[in-house]
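Residue strings, one per chain:
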Amino acid sequence: MLFDNHNRPITYLRLAVTDRCNLRCFYCMPESGIKYLPKHQLLTYEEMERVVAVLARMGVSKLRLTGGEPFVRAGLMPFMERLSEIPGLSELHMTTNGVLTAPHVAEMARLGVKSVNLSLDSLDRARFHQITRRDELPAVLGTLDELLAHNIRVKINAVVMDGQNIEDLYPLAELARTQPIDVRFIEEMPFNGEGNHYPVLTWTHQRILQELRSFYPTLEQRPAAPHATAATWQVPGYVGTLGIIAAYTRTFCGSCNRIRMTAQGMLKTCLYDDGVLDIRALMRGGATDTDLMAAFLKAFAHRPLNGFEAEKLRQPVTESMSTIGG
């Protein structure tokens, strides 16, 4: 087992395979997009495999591929095939916006992908277009259908945005009525490439819960899973569940077991830190696997207690979530 300086286990890596995305969600990046890194500044697939293999030897057993949007990078499925064969890695997951995903779902099921987090902020085509600045809702819903048909666990990730998609909370929640879908409503975070949208976050996790209770007065809270970011709720009789992720108020930091690797090879031991270790530079400078392990252990020994502490140690947050890795 691998532990940080606060005795929290580290078992979960979120790996961004690209900083590029085919949507332009306003809460993630400006309409004009962001300045993407040239390819040589991104980790190669071979370098990513090495990072995953080293961390798996150290105790990381769960991997989630993120982006940007993973499927905009060529060669993703053969890469996933190789990842599935790494000793010690027992869980492979993915986060995707679903636009390009549907043709690959059968192969994902064959590889044993355990779950997919599907970003979906609205079921209304016009509002989806307004939020993402792209008219791609039919493609996303097609991916949802394919995932369910192949029995891959689906978690819907919906960012709750004042004045943008509040009327979508109920339609999204209703997806859990007859399908085994976990619908999770997420507090908006400041990672939009420009800084905060609002002086004060109005749709906190408490307010989201109040709204859900107005739809479902008999809502029942479920026991928290170990290291879960979402508080999970059950509507009696519904097949799926509802969840709330306090991503901005950060109520789950005390049990955090996850680390992040950006597409350019920067280790983040907290979503809110500024990057603590340049793994790409180490690997391209000739570091051995033993050197990498020592560098990881040193970074984990200085992990912030929570997201607020991590944020205090850096400049104001201005980057896009696309560059962080979800």
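Each remark here, short or long, concerns the structure printed above.
Computed from a predicted structure; not experimentally measured.

Draft legend 1. Representation of the overall build of the protein within the structure. A tally of regular secondary structure across the protein gives 11 helices and 12 strands. With respect to the three principal axes, the spread of C-alpha positions in the protein is 55 × 40 × 40 Å. Of the contacts made within the protein by residues no fewer than 6 positions apart, 72% connect residues no fewer than 24 positions apart. In the form shown here, the protein has an accessible surface area of approximately 13800 Å², with 53% of it arising from carbon and sulfur atoms. The centroid of the 35 positive side-chain charges in the protein is displaced by 4 Å from the centroid of its 35 negative side-chain charges.

Draft legend 2. Focus on the nonpolar core. Counting 89 residues, the largest nonpolar core has L65, M80, F185 and F296 as its most contacted members. The element contributing the most residues to this core is helix 1 (residues 45-58), with 8 residues. Residues in contact with F296, not counting those within four places in the same chain, are V51, V54, L55, M58, M261, L267, L277 and I279.

Draft legend 3. Inspection of the sheet that holds strand 10 (residues 258-261) at higher detail. Pairing within the open sheet is mixed, and its 12 strands lie in the order 7-8-9-6-5-4-3-2-1-10-11-12. Whereas interior strands pair on both sides, the edge strands pair on one side only; in this sheet they are strand 7 (220-221) and strand 12 (277-278). Taken together, the 2 bridges between strand 10 and strand 11 (residues 266-268) define a ladder with antiparallel strand orientation. Considered in strand 11, the bridge of M261 is made with L267.

Draft legend 4. Main features of helix 7 (residues 205-215). Within helix 7, the full set of buried residues consists of I208, L209 and L212. Viewed along the axis of helix 7, the buried residues span an arc of 100°, placing them on a single side of the element. Those residues of helix 7 that are buried are in contact with strand 5 (153-160), strand 6 (181-187), strand 8 (230-234) and strand 9 (241-245).

Draft legend 5. Region of interest: the pairing of strand 1 (residues 12-16). In terms of burial, strand 1 is largely enclosed, as 5 of its 5 residues are buried. A two-sided burial pattern is seen for strand 1, the buried positions comprising Y12, R14 and A16 on one face and L13 and L15 on the other. Bridge count between strand 1 and strand 2 (residues 62-66): 5 bridges; the pairing is parallel. Each bridged residue has a counterpart across the sheet, and for A16 the counterpart in strand 2 is T66. Strand direction decides the pairing type here: strand 1 and strand 10, joined by 4 bridges, are parallel. Directly across from L15, in strand 10, lies its bridge partner M261.

Draft legend 6. Structural view of the packing of aromatic side chains. A complete count under the given rule lists 7 aromatic pairs for this structure. A centroid spacing of 6.2 Å and a plane angle of 80° characterise the contact between F26 and Y27, whose relative ring orientation is edge-to-face. Exposure remark for Y27: the relative accessible area of 14% places this residue in the buried category. Taken together, a centroid distance of 5.9 Å and an interplanar angle of 15° make the contact between F296 and F300 stacked. In this pair, F296 and F300 both sit in helix 9 (residues 289-300), 4 residues apart, roughly one turn of the helix. Taking the relative accessible area as the measure of exposure, F296 reaches 0% and is therefore buried. Following the ring pairs from residue to residue traces out a cluster consisting of Y170, F215, Y216 and Y238. It is R73 that lies over the ring of Y45; its NZ or CZ is 4.5 Å from the centre.

Draft legend 7. Broad picture of the pattern of salt bridges. Inspection of the entire model under this criterion finds 15 salt bridges. Close ionic contact of D289 with R57 constitutes a salt bridge, the shortest N to O distance being 3.3 Å. On the criterion of sequence distance, the pair formed by D289 in helix 9 and R57 in helix 1 is long-range, its members being 232 residues apart. Between R153 and D182 there is a salt bridge, with its nearest N and O atoms 2.9 Å apart. Of this pair, R153 sits in strand 5 while D182 sits in strand 6, placing them 29 residues apart in sequence.

Reading guide: rules and limits
Residues numbered from 1 in each chain as written. Predicted model: local features only at pLDDT ≥ 70, side-chain atom pairs only at ≥ 80, totals over all residues. Heavy atoms only, no water. Helix = DSSP H or I, 4+ residues; strand = E, 2+ residues; numbered from the N terminus. Contact = heavy atoms within 4.5 Å. Areas by Shrake-Rupley, 256 points an atom, 1.4 Å probe, with all protein chains shown as cover. Lys, Arg positive; Asp, Glu negative; His and termini not counted. Charge placed at Lys NZ, Arg CZ, Asp CG, Glu CD. Core = buried A, V, L, I, M, F, W, Y, C linked by side-chain atoms within 4.5 Å. Buried < 20%, exposed > 50% of the residue type's maximum accessible area, 1.4 Å probe, protein only. Pairing = 2+ DSSP bridges. Arc of directions from axis to C-beta. Phe/Tyr/Trp six-rings, centres within 6.5 Å; stacked < 30°, edge-to-face > 60°. Lys NZ or Arg CZ within 6 Å of the ring centre and 35° of its normal. Salt bridge = Lys/Arg side-chain N within 4 Å of Asp/Glu carboxyl O.

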